[in-house]
Each structure stands twice: as C-alpha cells, then as structure tokens.
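# Structural characterization, general
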Amino acid sequence: MSQASAQSEPTMRSFFSNRFVQTIMLSGILLQIGIWIRNFAILLYVTDMTNNDPYSLSLISVAEFAPIFIFSFIGGAFADRWRPKLTMVWCDLLSAASVFVILITLYMGSWKAIFFATLVSSILSQFSQPSNMKLFKVHVPASQMQLGMSMFQSMMAIFMILGPMLGSFIYYRFGIETAVAIMGACFLLSALVLTFLPKDLKEDSSEPRTTHIFTEMGQGFRYVLRNRMLVILGGCFAVAGLAIGLISPLGIFLVTEHLGLEKSNLQWFMVANGAAMIIGGGVTMAFAKKISPQAMLAVGMAVSAVTFAMIGMTHLVWLALLMQFISGLVMPAIQIGISTLILGNTEESFVGRVNGILTPLFMGSMVITMSLAGSIKASFSLESIYITSALLFVIGVLIMVPSLKMKSAPIPQPSSELK
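Computed from a prediction, not measured in an experiment: that's the story for all the values here.

How each quantity is defined
- Residue numbers here run from 1 along each chain, matching the order of that chain's written sequence.
- Reporting in this predicted model follows two pLDDT cut-offs: at least 70 for local features of residues, and 80 or more for side-chain atom pairs to be given and counted; totals over whole chains, interfaces and linings ignore these cut-offs and use all residues.
- The basis for every side-chain value is the complete set of heavy atoms in the structure, and neither hydrogens nor water enter the calculation.
- A residue's pLDDT is simply how confident the predictor is in it, with values from 0 to 100.
- Residues count as neighbours in contact if any of their non-hydrogen atoms are within 4.5 Å of one another.
- The helix count covers DSSP runs of H or I at least four residues long, the strand count covers runs of E at least two residues long, and both are numbered beginning at the N terminus.
- To get an axis, fit a line to the C-alpha atoms, keeping to the stretch in contact for a helix; angles then go from 0 to 180 degrees between the N-to-C directions.
- Roughly parallel covers angles under 35 degrees, roughly antiparallel covers those over 145, roughly perpendicular covers 65 to 115, and oblique covers all other angles.
- Crossing handedness is read from the near helix: turned anticlockwise from the far helix by less than a right angle, it gives a left-handed crossing, and turned clockwise, a right-handed one.
- Lys, Arg, Asp and Glu make up the charged group, whereas Ala, Val, Leu, Ile, Met, Phe, Trp, Tyr, Cys and Pro make up the nonpolar group; the residues left over, Gly among them, are polar.
- Put simply, buried Ala, Val, Leu, Ile, Met, Phe, Trp, Tyr and Cys residues joined by side-chain atoms within 4.5 Å make one nonpolar core.
- Using a 1.4 Å probe on the protein chains alone, a residue whose accessible area is under 20% of its type maximum counts as buried, one over 50% counts as exposed, and one in between counts as partly exposed.
- The domain boundaries here were taken from an automatic or database domain assignment.
- Patches were defined on residues exceeding 30% relative accessible area and lacking a salt bridge, with like-charge contacts within 9 Å and nonpolar side-chain contacts (Val, Leu, Ile, Met, Phe, Trp, Tyr) within 5 Å.
- Here, Shrake-Rupley sampling with a 1.4 Å probe gives the accessible areas, and only protein chains in the shown set may cover a residue.
- Whenever a carboxyl oxygen of Asp or Glu lies within 4 Å of a side-chain nitrogen of Lys or Arg, that contact is scored as a salt bridge.
- Here a helix's expected span is defined as the number of its residues, less one, multiplied by 1.5 Å.
- Polar contact is the term for a pair of N or O atoms within 3.5 Å; when the atoms are in protein, one must be able to donate a hydrogen and the other to accept it, and sequence-neighboring residues count only if both atoms are side-chain atoms.

This brings us to the confidence of the model for the protein. For the protein, mean pLDDT is 78; residues scoring 70 or higher make up 84% of the total. Confidence drops under a pLDDT of 50 for residues 1-8, and excluding neighbours within four residues, the segment shows 11 contacts in the predicted structure. Contacts for the low-pLDDT stretch residues 409-419, under 50 throughout, to residues beyond four places or in other chains number 27 contacts.

This is the structure:
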C-alpha cells in the first residue's frame, strides 16, 4: 500500500521520514547543481568563443525552451505509459551520456557541439518531470502535497541565487571541460539516487494497453476540457505567461532608463527576488495546510498585479526594490498553488498528459510576449507596459474567482469515451 493511503494525519516528521521525499529531494539537489553549472558555464563559454555574438547566445535559449513546445505534451503522454521511476533513471543516464559525448568532442576541438548538451537535457526533462509529478501523486499524502511543492520551490529559489555563482565559479576557476564533467557526474549521481525510490507499481497484466499514443493524447485533451478546475488553470497559465513574458526582457531598461542606475545594478533586483522566493517558500510551507491552493494562487496573482504596477510607476529605487522583493515573496505561492491543483485534480494515469498540455500554455504565451517586448517597448512607455502586465494578472485573478468556491473536488474518473 502506498504512503498516500495512510489513514493517520501526516505530520512534518512523517513527511521528512518519507523515503520517497528523501530520495527525490537529494536527486533534485544534484540535478539543480548540474543544470545551473550547465546554464552558466555554457553561456559564459559561448560568450567567450563567439565574442558576445547575439545569434549564438540566442541559440542557447532556443535549445533550452524549444523542446518545451515540441516535447512537453509528447513527453507527458509517454510518461503516462511508462513506469515513472524507470523513466526518470533512464532520462538522467541519457543526459549524463550526452554530456560525456560533448566532453569528448571538446577534447577533439569541436566546441559547437556544446549546444547539444543543453538540447538533449531539455528534451529529456520533458519526459522526466511529469514522471516526477506522477510519483508525488502516489507516494505523498494529499494533505502534504502543498508542503512537498513548497519544499521543491524553496530548493529552486535557493539555486536561483547560488546557481549563477556556482556555474560562474566552476567555469572561471576550472574551465569548460571540468564544468561539463561535473555536470555529467551530477546526472549520473542523480540516476544512482533515484534507484532507491520505491519500486514502480506494476500494471494489471490482464488488461494490456491497446490504445495508440495519439489516441491517448486525444484522451488527455478531452480529460482537461471536462475538468472545470483544469480549464480555469489553463486560463491562468495563459495570462500569467503573457504578463511575465511582457516584462521579463525589460528589466535592464527598468534599471537604466526608469531608475537611472548603471546596468550592473540589475543584479541587486535579481538577488532581492531570489532571496524573497526563499523566504516565500518557507512562509508558504507554514500556511500550506491552512489555505486552499486556489486561494493561494489567487492571492499570489493579486499581489503580483499590485507590485508590477508599482514597479512600473515609481522612480524611487528603494520602492522598486521593495516591490521586487514582495513580488518574489508571493511567487512560490503561485507556483505551489498551480502544482498542487494539477496533482489534486488529476487522476494518476493522466498526470503526464495534463502537465504536458498546461505547461506549453504558459511557456507559449510567455514566449509570444517576450518576442514582442522589444517592439512594444519602442512604441509604448515602460510604465504603460508594466501596468498592462499588472492588468493581465488581474484578469488571472478574475479567472480564478469561480474556483474559490470549489472544494478540493474528488478527482474525476475517466468516462467511457476517454478509455
């Protein structure tokens, strides 16, 4: 029997004594180390090799984000077919193998293959991440789901601060070959740690899978459309992506044009945001059992609307920094609320496909406004752009309002037309 079926009220002690939690957190730390070394070491290396060529630098972003559009839903659909533990172990092993292939090509003098490491790792994460969520669904009690999501968001927030420093230090101190070798070692160690996860539950062999992968993809879309909470989440994903994408590329202009500072001061806004996310993750953990995930998401989006509007309107550095801090403080609430709602309103066999449908909604809308941000900046003031972003968050809150009256509904079972 899985631990999710435990009858007694789970405690913080039982959460941290959960074998799955211990294993998945250690694996997550190793992966974060590898990913951040990858992100910054490769970025700095390509910058040095191309003399700051913007086209080459943009290829890194393409290699990192393009697989999310192309493989997210495909990866989610296959994650629902495959055993999640085995999928995650193989994804880490293949990531490590690709990294060591790149290491060989570096020694042979072909540096351009470095883009391949980012591309392969990003593709494999589209198969591994939904499998991670499926295991959370199985091995973590429902009452501790938000606590588990809070732990993960806090860990990622910590690496948002430490990661760039770690990646830069490794590259400048030891060089790209050592950085790539450490990256591969982290993926290998993560795969080793994941072998200690509880065994995958075997499917009933009396009911062999007969449906085609494309049929199961269609079932995933129908499953989302008949689940009101997931439809609401999809709307929130879209407007949040539009709002964040609109201002993400404009931080440097906020610092230099709006606040009259040197561009190097942008780092302090990033530090303020990262530090706030760490604190926010801890605060969210404290309130995880006292507030519904939909209320958590709505509050986070409402506060973000206020902070984004204030950042765009003020010319006071201290106030802009304060608003940036508060914005980071509520970001974990948004991320944790979304993750908890997906897991709490999705049947285990559909977790991969639901995640694969909703994630591209966010990323796609974010990339749309990111690609338009430059031309929008040329036609409109920075203040009006930040206010527009705030208004999009207000729309997101309005979309969430009907869900505030909805209880944590029982997970809808697939109807006959989905099977």
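For the rest of this paragraph, the subject is the side chain of S190. Turning to its location among the elements, S190 is positioned in helix α7 (residues 176-194). In contact with S190, other than residues within four places in its own chain, are S27, L30, L31 and D92.

This brings us to the packing of helix α11 (residues 266-287) against helix α13 (residues 317-344). For any two helices packed against each other, one specifies the inter-axial angle together with the distance between the axes. Their axes nearest at 7 Å, the elements α11 and α13 cross at an angle of 40°. Looking at the two axes, α11 sits oblique to α13. As α11 runs across α13, the sense of the crossing is right-handed. For the pair α11 and α13, the contacting residues are W268, F269, A272, N273, A276, M277, I279, G280, G281 and T284 in the first and A320, L321, Q324, F325, S327, G328, L329, M331, P332, A333, Q335 and I336 in the second. Looking at the contact of α11 with α13, its residues break down into 14 nonpolar, 8 polar and no charged.

This paragraph deals with the nonpolar core. Counting 81 residues, the largest nonpolar core has I24, F136 and M301 as its most contacted members. With 12 residues, the single largest contributor to this core is helix α9 (residues 228-247). Residue assignment places this core across two domains, with domain 1 (17-196) and domain 2 (213-405) each supplying three or more. When sequence neighbours within four positions are dropped, the list of residues in contact with M301 reads C236, V239, A240, I334, F393, G396 and V397. Core analysis: the second largest hydrophobic core is formed by 22 residues, L31, I42, I102 and A179 among them.

A separate point is the environment of L194. Here L194 is to be found in helix α7. Each C-alpha atom of the pair L194 and T23 lies 6.5 Å from the other, and the pair is 171 residues apart in sequence.

Another aspect to go through is the packing of helix α12 (residues 293-313) against α13. Packing of α12 against α13 brings their axes to within 8 Å, and their N-to-C directions diverge by 155°. When the interaxial angle is binned, α12 and α13 end up roughly antiparallel. Note on packing geometry: the crossing formed by α12 with α13 is left-handed. Its residues assigned to classes, the contact of α12 with α13 comprises 18 nonpolar, 8 polar and no charged.

Attention now goes to a nonpolar patch on the surface. A cluster of nonpolar side chains, contributed by L86, W90, L93, L94, F100 and L188, occupies part of the molecular surface with about 530 Å² of accessible area. The element best represented in the nonpolar patch is helix α4 (residues 84-107), accounting for 5 residues.

Below, the discussion takes up the pattern of salt bridges. On inspection of all chains with the given rule, the structure shows 1 salt bridge. Where E257 meets K377, a salt bridge forms, and the shortest distance between an N and an O atom there is 3.0 Å. Linking E257 in helix α10 (residues 251-258) with K377 in helix α14 (residues 351-379), this pair joins segments that are 120 residues apart in sequence. A relative accessible area of 48% places E257 in the partly exposed class.

Another aspect to go through is α9. For α9, with 20 residues, the first-to-last C-alpha span of 30 Å sits near the 28 Å given by 1.5 Å per residue. Burial analysis of α9 places 15 of its 20 residues in the buried class, which makes it a mostly covered element. Near the N-terminus of α9, the side chain that reaches the backbone nitrogen of M229, with its oxygen 3.1 Å away, is that of N227.

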